[in-house]
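# What the coordinates show
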Number of protein chains: 2
Amino acid sequence: MNIGTYSYEEYVQLVISFHGAAAPGLLIGGFIVDMALNNLPEGEFFDAICETPVCLPDSVQLLTPCTIGNGWLTIFNFGKFAVTLYDKKSGDGIRVYLDMEKLKNWSEVNSWFLKLKTKKEQDHDLLMSQIKEAGYSMLSMQKVRVVPDQVTRKKMGPTAICPVCHEAYPVNHGDKCRNCNGESPYI
Amino acid sequence: MNIGTYSYEEYVQLVISFHGAAAPGLLIGGFIVDMALNNLPEGEFFDAICETPVCLPDSVQLLTPCTIGNGWLTIFNFGKFAVTLYDKKSGDGIRVYLDMEKLKNWSEVNSWFLKLKTKKEQDHDLLMSQIKEAGYSMLSMQKVRVVPDQVTRKKMGPTAICPVCHEAYPVNHGDKCRNCNGESPYI
């Protein structure tokens, strides 16, 4: 059983090193991304969509060339455990998602995902072994067509120097940078 | 000269393997994150803020435990080349940014960053060697205090099954999932 170009055990180690822990979501995410990679549509270059910011984007970043920094990965805050890989040019893509019907066959994964048990009530070893055993059998896939305009990162455009902080910022943000315009996360 | 726990050359290889290319922004980003790591405030755990989604988040993900999937990295779309590492508990942080005054000493980096030359006019080798030579000398830092509420990822809360697509989604998104509610990036 491989996840991308890794053995399952290698992938688990990679997850721990990048993400900080062998999070169940990233292990399921490994199967999701691997299934999408194995069913890629025709095309030379593909981009990725992840329908949740929680856990799953790290599986995409570890197993595909798509990262948040290079812009080939777009994250939607839909709270859905699904990844789409699609051809940049045609928009044709394959979407792989956690199938709630199939998940019922894996009691501990099901109750973990749907938060039916408290963390204390969960059986961690059973959860981990069920994820590994279940693999692709928790997942389904569908063909989709992506609207490129909704996912392509807009060009930043010309840059100016903010008159307040004297740092560079995108001119199209206004007469000063967003940080100096009250959107700052700093006191 | 080290970047995090890597030699500069090792870091360049890591960038190519993760990000797809030795992007100038990620090389500068290496110095930014390394400078922040070397000047961390007191505290046991730190989180990261990146003030642009372009390139720089990948430097944070490669050099710190903070990733987009584990939620310890928050990205603001300010178009600013700055990273803050801050203590989760106190909010005390160190912000490192590309200093426009200092950047003037590095002509090719300056004209690349401010887009004063077309890609064809750029001298790629000079750009790369200036980045390596400049290192921390293009950067400045400041102490900041982060407002935790603005950066802490909200809990997803209880999950329901969407009556349209039958996939799980966060109840607080409404009576169906955002995907089925017309926000889908798919046709």
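Values in this document were obtained by computation on a predicted structure and should not be read as measured data.

This brings us to the overall build of chain A. Scanning chain A from N- to C-terminus turns up 8 helices and 9 strands. Expressed as lengths along the three principal axes of its C-alpha atoms, the size of chain A is roughly 60 × 45 × 30 Å. A total of about 8800 Å² of accessible surface is found on chain A, and carbon and sulfur atoms cover 54% of it. If the 18 positive side-chain charges of chain A are averaged to one point and the 21 negative ones to another, these points end up 5 Å apart.

Let us now look at the interface of chain B and chain A. On the side of chain A, 55 residues touch chain B, which itself brings 55 residues to the contact. Here chain B meets chain A over a buried area of about 4600 Å², counting both sides, of which 58% is carbon and sulfur. At the junction of chain B and chain A, the tally comes to 4 salt bridges. Linking Arg95 of chain B and Glu167 of chain A is a salt bridge whose minimum nitrogen-to-oxygen distance equals 2.8 Å. Elements that contribute at least two residues to the side of chain B that touches chain A include exactly α1 (8–19), α3 (56–63), β6 (92–98), β7 (139–145), α7 (148–151), β8 (159–161), β9 (168–170) and α8 (179–183) of chain B. Residue composition of the side of chain B that touches chain A, by class: 29 nonpolar, 16 polar and 10 charged.

All names here are of chain A. Taken in spatial order, the 5 strands line up as β4-β3-β5-β6-β7 in an open sheet, and their pairing is mixed. In this open sheet, the two edge strands, each paired with only one partner strand, are β4 (73–75) and β7 (139–145). Across the sheet, the axes of successive neighbouring strands diverge by a mean angle of 20 degrees, strand direction being ignored. Pairing of strand β6 (residues 92–98) with β7 involves 7 bridges; the strand directions are antiparallel.

A few words now on the relation of the copies chain B and chain A. In the superposition of chain B on chain A (RMSD 0.0 Å, axial shift 0.0 Å), the rotation amounts to 180 degrees. Such a turn and shift between the copies fits a two-fold axis. Using C-alpha coordinates, one finds that chain B approaches the rotation axis most closely at Ile68 of chain B, a distance of 3.9 Å. Interface overlap between copies is the fraction of interface residues in one copy that are interface residues in the other; for chain B against chain A it reaches 100%, indicating a shared surface.

Once that is clear, we can look at the pairing of strand β3 (residues 46–50) of chain B. Two faces, one strand: in a regular strand the side chains alternate between the faces of the sheet. Residue and element names in this part refer to chain B. The buried fraction of β3 is high, at 5 of 5 residues. Because side chains alternate across β3, one face comprises the buried residues Phe46, Ala48 and Cys50, and the other comprises Asp47 and Ile49, equally buried. Alignment of β3 against strand β5 (residues 82–87), held across 5 bridges, turns out to be antiparallel. Bridge pairing in β5 links Cys50 to Val83. Bridge count between β3 and strand β4 (residues 73–75): 3 bridges; the pairing is parallel. Residue pairing for β4: Ile49 is matched across the bridge by Thr74.

Here we come to the sheet that holds β5 of chain B. Strands pair in a sheet through their backbones, by hydrogen bonds, and they do so in one of two ways: parallel or antiparallel. All names here are of chain B. If you walk across this open sheet you meet the 5 strands as β4-β3-β5-β6-β7, and the pairing is mixed. One side of each edge strand has no neighbouring strand; the edge strands of this open sheet are β4 and β7. If you compare each strand with its neighbour and ignore which way they point, the axes differ by 20 degrees on average. Contacts from α3 reach β3, β4 and β5 within the one sheet, and its direction differs from that of β4 by about 180 degrees.

The next thing to look at is the packing of aromatic side chains. If you walk through the whole model with that rule in mind, you get 11 aromatic pairs over all chains. Centroid distance Tyr8 of chain A to Phe31 of chain A: 5.6 Å. Interplanar angle 25 degrees. Geometry classified as stacked. In this pair, Tyr8 of chain A is assigned in helix α1 (residues 8–19) and Phe31 of chain A in helix α2 (residues 24–37), connecting sequence segments 23 residues apart. Each member of the pair, Tyr8 of chain A together with Phe31 of chain A, is buried. Taken together, a centroid distance of 5.1 Å and an interplanar angle of 35 degrees make the contact between Phe76 of chain B and Phe78 of chain B tilted. Across the pair, Phe78 of chain B and Phe76 of chain B agree in class, each one buried. A connected cluster of aromatic rings, assembled from ring pairs, spans Tyr8, Phe31 and Tyr136 of chain A.

Residues and elements named next belong to chain A. The terminal C-alpha atoms of α1, which comprises 12 residues, lie 16 Å apart, in line with the 16 Å expected from a rise of 1.5 Å per residue. Every buried residue of α1 is accounted for by Tyr8, Tyr11, Val12, Val15, Phe18 and His19. An end-on view of α1 places all buried positions within 140 degrees of arc, on one side of the element. Facing away from the buried side of α1 by more than 90 degrees, the exposed set consists of Gln13 and Ser17. Just past α1, the residue Gly20 takes up positive phi, approximately 100 degrees.

Mean pLDDT over chain A stands at 94; residues scoring 70 or higher make up 100%. Note on the complex model: pTM 0.95, ipTM 0.94.

Our next topic: the side chain of Thr84 of chain A. Residue position: Thr84 of chain A is located in strand β5 (residues 82–87). Judged by relative accessible area, Thr84 of chain A falls into the buried class, the value being 0%. A polar atom in the side chain of Thr84 of chain A sits 2.8 Å from the side chain of Tyr186 of chain B. Non-local contacts of Thr84 of chain A, meaning those with residues more than four positions away in its chain, are made with Asp47, Ala48, Ile49, Glu51, Gly93, Ile94, Arg95, Val144 and Val146 of chain A together with Tyr186 of chain B.

Reading guide: rules and limits
- Residues numbered from 1 in each chain as written.
- Chains lettered and ligands numbered in written order.
- Predicted model: local features only at pLDDT ≥ 70, side-chain atom pairs only at ≥ 80, totals over all residues.
- Heavy atoms only, no water.
- Helix = DSSP H or I, 4+ residues; strand = E, 2+ residues; numbered from the N terminus.
- Areas by Shrake-Rupley, 256 points an atom, 1.4 Å probe, with all protein chains shown as cover.
- Lys, Arg positive; Asp, Glu negative; His and termini not counted.
- Charge placed at Lys NZ, Arg CZ, Asp CG, Glu CD.
- Contact = heavy atoms within 4.5 Å.
- Buried area = accessible area lost by both parts, 1.4 Å probe.
- Salt bridge = Lys/Arg side-chain N within 4 Å of Asp/Glu carboxyl O.
- Nonpolar A, V, L, I, M, F, W, Y, C, P; charged D, E, K, R; others polar.
- Pairing = 2+ DSSP bridges.
- Axes fitted to C-alpha atoms, helices over the stretch in contact; angles between N-to-C directions.
- Least-squares fit on C-alpha atoms with pLDDT ≥ 70 in both.
- Buried < 20%, exposed > 50% of the residue type's maximum accessible area, 1.4 Å probe, protein only.
- Phe/Tyr/Trp six-rings, centres within 6.5 Å; stacked < 30°, edge-to-face > 60°.
- Expected span 1.5 Å × (residues − 1).
- Arc of directions from axis to C-beta.
- pLDDT = per-residue confidence, 0-100.
- Polar contact = N/O pair within 3.5 Å; in protein donor to acceptor, adjacent residues only side chain to side chain.

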